[in-house]
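# A look at the structure
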Amino acid sequence: MQSLDKIKRRIKTVQTTSKITGAMKLVATAKIKKQMTEFKTVSDFCQDFYHIIEDLAKLISQKTFYQAKKGSSTKKLWIIVTSSLGLCGAFNINACKHLMGLIQPSDQIIVIGRKGYSYLRAHGLGDQITDFMEMSEANFNYLELLPTSELIMDLYNQGNFASVHIVYTKFINSITFTPADVQVLPLNYSLFKADESKSTCSYVALTDDHKEIAYDPSVNNILATCLPIYLTTLMFATIAESKVCENGARRNAMETATDNAKQLIEDLTLQFNRARQENITQEINEIVAGAGS
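Structural notes, computed from the coordinates. Just so it is clear, the structure is predicted and the values come from calculations on it, not from any experiment. (Residues numbered from 1 in each chain as written. Predicted model: local features only at pLDDT ≥ 70, side-chain atom pairs only at ≥ 80, totals over all residues. Heavy atoms only, no water.)

### Quick notes on the overall build of the protein chain
We count it as follows: Secondary structure elements follow DSSP: runs of H or I no shorter than four residues count as helices, runs of E no shorter than two count as strands, and numbering proceeds from the N terminus. Burial classes: relative accessible area under 20% of the type maximum marks a residue as buried, over 50% as exposed, and values in between as partly exposed (1.4 Å probe, protein chains only). Should any heavy atoms of two residues lie within 4.5 Å, those residues are considered in contact.
Counting its secondary structure elements, the protein chain contains 5 helices and 7 strands. Each helix (α) and strand (β) of the protein chain, taken in turn from the N terminus, gives the series α-β-α-β-α-β-α-β-β-β-β-α. Residues classed as buried in the protein chain amount to 40% of the 293 residues present. For the protein chain, long-range pairs separated by at least 24 residues make up 71% of all intrachain contacts whose partners lie at least 6 apart in sequence.

### What about the pattern of salt bridges?
Quick note on the threshold: Should a side-chain nitrogen of Lys or Arg be within 4 Å of a carboxyl oxygen of Asp or Glu, the pair is scored as a salt bridge.
Going through the model one piece at a time under the given rule, you end up with 4 salt bridges. When the shortest N-O distance is used, the salt bridge between Glu134 and Arg114 registers 2.3 Å. Note that Glu134 is positioned in the loop between β3 (129–133) and α4 (146–157) and Arg114 in helix α3 (residues 114–122), a separation of 20 residues in sequence. The salt bridge involving Arg250 is made with Glu246; its shortest N-O contact spans 3.0 Å. With Arg250 and Glu246 both in helix α5 (residues 219–292) and 4 residues apart, this pair spans about one turn of that helix.

### Observations regarding the packing of aromatic side chains
What counts, and what does not: Planes of paired rings set the category: under 30 degrees apart is stacked, over 60 is edge-to-face and the rest tilted, where pairs are Phe, Tyr or Trp rings (Trp by its six-membered ring) whose centres lie within 6.5 Å.
Under the criterion given, the structure shown has 4 aromatic pairs. Centre to centre, the rings of Phe45 and Phe49 are 6.1 Å apart; their planes meet at 25°, and the pair counts as stacked. Here the residue Phe45 and the residue Phe49 both occupy positions in helix α1 (residues 4–57), the gap between them amounting to 4 residues, near one helical turn. Relative to Phe177, the ring of Phe171 has its centre 6.0 Å away and its plane inclined at 40°; by these criteria the two rings are tilted.

### Overview of unusual backbone geometry
For the bond running from Leu185 to Pro186, omega is -10°, close enough to zero to count as cis. Counting through the fold element by element, Pro186 comes out in the loop between β5 (176–185) and β6 (205–206). Its identity as a non-glycine residue notwithstanding, Leu87 has a phi of 55°, on the positive side. Within the secondary structure, Leu87 is located in the loop between β1 (76–81) and α2 (91–100). Classification of Leu87 by relative accessible area gives exposed; the value is 53%.

### What about the packing of α2 against α3?
Convention followed: Axis lines are fitted to C-alpha atoms, over the contacting stretch for helices. Their N-to-C directions set the angle, which ranges from 0 to 180 degrees. Note on angle classes: values under 35 degrees are labelled roughly parallel, values over 145 roughly antiparallel, values of 65 to 115 roughly perpendicular, and the remainder oblique. Should the near helix be turned counterclockwise from the far one by less than a right angle, the crossing is left-handed, whereas a clockwise turn marks it as right-handed. Gly falls in the polar group here, along with every residue not listed as nonpolar (Ala, Val, Leu, Ile, Met, Phe, Trp, Tyr, Cys, Pro) or charged (Asp, Glu, Lys, Arg).
At a closest axis distance of 10 Å, the pairing of α2 and α3 adopts a crossing angle of 50°. Between α2 and α3, the angle is such that the two are oblique. For the pair α2 and α3, the sense of crossing is right-handed. Between α2 and α3, the residues in contact are Asn92, Ile93, Cys96, Lys97, Leu99 and Met100 and Lys115, Gly116, Tyr119 and Leu120, respectively. Partitioning the contact of α2 with α3 into residue classes produces 6 nonpolar, 2 polar and 2 charged.

### Description of the side chain of Thr258
We apply this condition: What qualifies as a polar contact is a pair of N or O atoms within 3.5 Å, subject to a donor-acceptor requirement within protein and to the restriction that residues adjacent in sequence count only when both atoms come from side chains.
Positionally, Thr258 belongs in helix α5. Here the side chain of Thr258 touches Thr21 through a polar contact of 2.8 Å, side chain to side chain. At a separation of 2.7 Å, a polar atom in the side chain of Thr258 contacts the main-chain carbonyl oxygen of Met254. For Thr258, the contacting residues outside a window of four places in its chain are Ser18, Thr21 and Gly22.

### Digging into the environment of Gly113
Within the secondary structure, Gly113 is located in the loop between β2 (108–112) and α3. Sequence-wise, Gly113 and Met135 are 22 residues apart; in three dimensions their C-alpha atoms are separated by 5.8 Å. If sequence neighbours within four positions are ignored, Gly113 has contacts with Thr82, Ser83, Ser84, Phe132, Met133, Glu134 and Met135.

### What about a nonpolar patch on the surface?
Put simply, the rule is: Exposure above 30% relative accessible area and no salt bridge define the residues that can form patches, which grow by joining like charges within 9 Å and nonpolar side chains of Val, Leu, Ile, Met, Phe, Trp and Tyr within 5 Å. A 1.4 Å probe and the Shrake-Rupley method give the accessible areas. Residues count as covered only by the protein chains that appear here.
On the surface, a cluster of nonpolar side chains totalling about 260 Å² of accessible area is made up of Ile280, Ile284 and Val288. Mapping Ile284 onto the fold places it in helix α5.

### Section: α4
Within an α-helix, residues lying three or four positions from one another point in the same direction, as the helix has 3.6 residues per turn. The test is simple: An expected span of 1.5 Å times one less than the residue number is assigned to each helix. Directions are taken from the helix axis to each C-beta atom, and the arc is the one they span.
For α4, spanning 12 residues, the distance from its first C-alpha to its last is 16 Å, which sits close to the expected 16 Å at 1.5 Å a residue. Those residues of α4 that sit buried are Thr148, Ser149, Ile152, Met153 and Tyr156. The buried side chains of α4 occupy one side of the element, clustering within an arc of 135° when seen end-on.

Pasting the structure below:
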């Protein structure tokens, strides 16, 4: 049986830990509310922008925007979104394992988040990491993604990669998050079915009052100009969604840790009371034995 002082110290240590995990749970909950509002705003913008790209793509008879350049590499570029902070359960591990199940030895990786960078290097994928960006909550903004998206567009246009994909964590509900991947480039031809009756420089669409909308310059040029913005927008949206999932996972992890700490405190308290009762019983026996002699 452990000494009473040692059990007391353990109880105090667990109580301190419980207070810390409880505070972290409250902080994560507060962040989720703020980030959920931002995510909904970004998601609405991304959806509207997606429809614009779709409307433009439907009017292009050529598939130059959907297919990799002729003679280009067969390698894929993977962008993985992880966190720079820990204590969020299996959030980062699940995303990295999802990527490791898809990636080929010749593919390259752009890592967003320190934890993903450390995990992938520790599991033998360090040589495939071409770029690393630490996206903390303090500097999370759209403009900081522009250099990375421009680099990706340049590499893709030069034929260095056949496709570009983003691996992130998809928000299902407040307690369920699942790793997901989306193909960014080339545009998914099954989603953007071209309208062969339209020419690439013709009028694009009809408004609600059936008036044709003309684009100048051509639809091809407008779509080519929009693609970098489209890529940056998708990256920003996946990061925003992953941030919500990160703090959701952290809140769940801290809630579980707090509950476990409370249970451990109860067990240690029971152990302490038993040890104290044994000591009292032993002292009484010693007193009775001494009186009898």
